[in-house]
Amino acid sequence: MRQALDRLYLWSGYLSAIFLVGIALTIIAQVVARFFPKLIVVDSTESAGFCLAASTFLGLAYTFRHGAHIRVTLVTRLATGLADRLVHLWSLAVFIAIMGLMTYWSFDLVYFSFKFNDISPGLLAIPFWIPRSAMAVGSLILLIALIDEIVCVALGKTPSYVENDMPAYEAHDDTPAVLDRERG
């Protein structure tokens, strides 16, 4: 089960990266199309926006599991043992509640966009349910990651976002202070 979930988060991250490339390609296509105004008409604003939303939501679970989300650790730094675990459980439970609502309403939005045949107003006229599906699926994958995380923390494991966290500043052996001590 662990491998399947990690694979889900990884592939979600890959899809997020693909949509980032999609943003770059649509903008490059618009720049190139300016040299051929009568042959090619490209409006990258809308498609780049859809790719941005897809990239953002599909990348949430991957970045969460790797400790890359911004976290305020004022309380968790001070807590130890059982208090630390309870703070993490409480924060994960609140996050699960919020993402559960977000996921429900995202799928609701996709359903009604499909049902009413809602079309984007831009040059491409894309059915809105297509880009909104990426938001709903990304929210669902993050919700799965949160449930996975709260189960692991409840079982006494270190949260993955703490385990994989990269400190903002970490002293290395080649920092000037260390080099001065070694030379002096």
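Attention here is on the structure that accompanies the text. Just so it is clear, the model here is predicted, and its values are computed rather than measured.

### Digging into the overall build of the chain
Phase 1 of the analysis: Counting its regular elements, the chain contains eight helices and zero strands.
Phase 2 of the analysis: Each helix and strand of the chain, placed in order from N terminus to C terminus, yields the pattern α-α-α-α-α-α-α-α.
Phase 3 of the analysis: Taken across its 184 residues, the chain has 33% of its residues classed as buried.
Phase 4 of the analysis: Across the chain, contacts joining residues at least 24 apart in sequence account for 72% of those joining residues at least 6 apart.
Phase 5 of the analysis: As displayed, the chain offers around 12200 Å² of accessible surface, 70% of which is attributable to carbon and sulfur atoms.

### Some details on the environment of N117
Phase 1 of the analysis: Structurally, N117 can be placed in the loop between α5 (81-115) and α6 (129-154).
Phase 2 of the analysis: Judged by its relative accessible area of 52%, N117 is exposed.
Phase 3 of the analysis: Taking C-alpha positions, N117 is 7.8 Å from F128, a pair spaced eleven residues apart along the chain.

Parameters at a glance
- Residues numbered from 1 in each chain as written.
- Predicted model: local features only at pLDDT ≥ 70, side-chain atom pairs only at ≥ 80, totals over all residues.
- Heavy atoms only, no water.
- Helix = DSSP H or I, 4+ residues; strand = E, 2+ residues; numbered from the N terminus.
- Buried < 20%, exposed > 50% of the residue type's maximum accessible area, 1.4 Å probe, protein only.
- Contact = heavy atoms within 4.5 Å.
- Areas by Shrake-Rupley, 256 points an atom, 1.4 Å probe, with all protein chains shown as cover.

It is worth stressing that arrangement in space is one thing and function is another; only the former is reported here.
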